[in-house]
Amino acid sequence: QLQYALYFGLNGLAIMLANYALKKSTNFMDLQHIKIISLFFTLVTLIGGYIFVSVYADSVVLFLLLMCSAMFFMAIGSNALSSSALNKVTHSFGSAISVLNFMNFLCAGIANFIMTQLRYEHLNLGLFIQQFVLMLIVTLLLLINHFVGPSVGKENISLEMHMA
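Overview of the structure. Since this is a predicted model, take the numbers as computed values, not measurements.

Parameters at a glance
Residues numbered from 1 in each chain as written. Predicted model: local features only at pLDDT ≥ 70, side-chain atom pairs only at ≥ 80, totals over all residues. Heavy atoms only, no water. Phe/Tyr/Trp six-rings, centres within 6.5 Å; stacked < 30°, edge-to-face > 60°. Buried < 20%, exposed > 50% of the residue type's maximum accessible area, 1.4 Å probe, protein only. Helix = DSSP H or I, 4+ residues; strand = E, 2+ residues; numbered from the N terminus. Contact = heavy atoms within 4.5 Å. Core = buried A, V, L, I, M, F, W, Y, C linked by side-chain atoms within 4.5 Å. Expected span 1.5 Å × (residues − 1). Patch = residues over 30% accessible without salt bridge, like charges linked within 9 Å, V, L, I, M, F, W, Y side chains within 5 Å. Areas by Shrake-Rupley, 256 points an atom, 1.4 Å probe, with all protein chains shown as cover. Salt bridge = Lys/Arg side-chain N within 4 Å of Asp/Glu carboxyl O. Axes fitted to C-alpha atoms, helices over the stretch in contact; angles between N-to-C directions. Parallel < 35°, antiparallel > 145°, perpendicular 65-115°, else oblique. Left-handed = near helix turned anticlockwise from the far one by under 90°. Nonpolar A, V, L, I, M, F, W, Y, C, P; charged D, E, K, R; others polar. Polar contact = N/O pair within 3.5 Å; in protein donor to acceptor, adjacent residues only side chain to side chain.

**Some details on the packing of aromatic side chains**
This structure, assessed with the given rule, holds three aromatic pairs. Here Phe-72 and Phe-73 contribute two aromatic rings whose centre-to-centre distance is 5.2 Å and whose plane-to-plane angle is 75°, an arrangement assigned as edge-to-face. Judged by relative accessible area, which is 22%, Phe-72 ranks as partly exposed. Taken together, the aromatic side chains of Phe-40, Phe-41, Phe-72 and Phe-73 make up a single cluster linked through ring pairs.

This is the structure we're talking about:
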């Protein structure tokens, strides 16, 4: 019970620190770079965490530090992604927030499904795998947006200009 309480308490602290770090980093870095850096460090932390926890499975302190580090970088990336998505909204802002919240709950549902379907020797390893799968999904969505998104937007803009 104490480990569980520490895990959630430290995750909350990591999220608060991430919000502060994101606020300060936007003074000297654009959101695109912040998203890439946070995604990279999240993936590295999750892979490293899985490796270290599989070797030192009984180390609660190591698990807490690695998972909270991953949560720190995930929170930075999540907030940067949300901010850049909402910056592109010109109307129906409430609908955009609803879609964003829906996506958050969808990811949580996918994470819960992963955890209930797979069996692990140690739950700690499962948590790293769960987060890693979700980050791979986010990476795939970012790559799709990067390569497909701009061309779709340009077609819409050229169509609107042609009709005007």
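**Considering the side chain of Thr-45**
Along the chain, Thr-45 falls in helix α2 (residues 31-55). Given a relative accessible area of 13%, Thr-45 falls into the buried group. Contact partners of Thr-45, with chain neighbours within four places excluded, come to Leu-66, Ser-69, Ala-70, Phe-73 and Phe-128.

**Let's talk about the nonpolar core**
Leu-46, Val-53, Phe-63, Met-67, Phe-128 and Met-135 are the most contacted members of the largest nonpolar core, which has 16 residues in total. Of all the elements in the fold, those that place two or more residues in this core are α2, α3 (60-87) and α5 (123-163). By residue number, the principal contributor to this core is α3, which donates six residues. Counting six residues, the second largest nonpolar core, distinct from the first, contains Ala-18, Ala-75, Ile-76 and Ala-80.

**Let's talk about unusual backbone geometry**
Of note, the phi angle at Ser-92 is positive, near 55°, even though the residue is not glycine. Note on placement: Ser-92 falls in the loop between α3 and α4 (93-117).

**A look at α4**
Look at α4: 36 Å from first C-alpha to last across 25 residues, which is about the 36 Å you get at 1.5 Å a residue. Buried within α4 are the following residues: Ala-96, Ala-111, Ile-114 and Met-115.

**Structural notes on a nonpolar patch on the surface**
A surface patch of nonpolar side chains, amounting to about 570 Å² of accessible area, comprises Leu-2, Leu-6, Leu-10, Leu-13, Met-16 and Leu-17. Among the secondary structure elements, Met-16 is positioned in helix α1 (residues 2-25). Using a relative accessible area of 54% as the deciding quantity, one classes Met-16 as exposed.

**Some details on the packing of α2 against α3**
Angle between the axes and distance between the axes are the two parameters that describe a pair of packed helices. At a closest axis distance of 8 Å, the pairing of α2 and α3 adopts a crossing angle of 155°. With respect to α3, the axis of α2 lies roughly antiparallel. Judged by the sense of rotation from one axis to the other, the crossing of α2 with α3 is left-handed. Per-class residue counts for the contact of α2 with α3 are 15 nonpolar, nine polar and one charged.

**Looking at the environment of Thr-42**
Relative to the helices and strands, Thr-42 is located in helix α2. Thr-42 sits in the buried class, given a relative accessible area of 0%. The spatial distance from the C-alpha of Thr-42 to the C-alpha of Phe-73 is 5.3 Å, given a sequence separation of 31 residues. Ignoring any residue separated from it by four or fewer positions in sequence, one finds Thr-42 in contact with Ala-70, Phe-73, Met-74 and Met-135. Reaching out from Thr-42, the side chain makes a polar contact with the backbone oxygen of Ser-38 at a distance of 2.7 Å.

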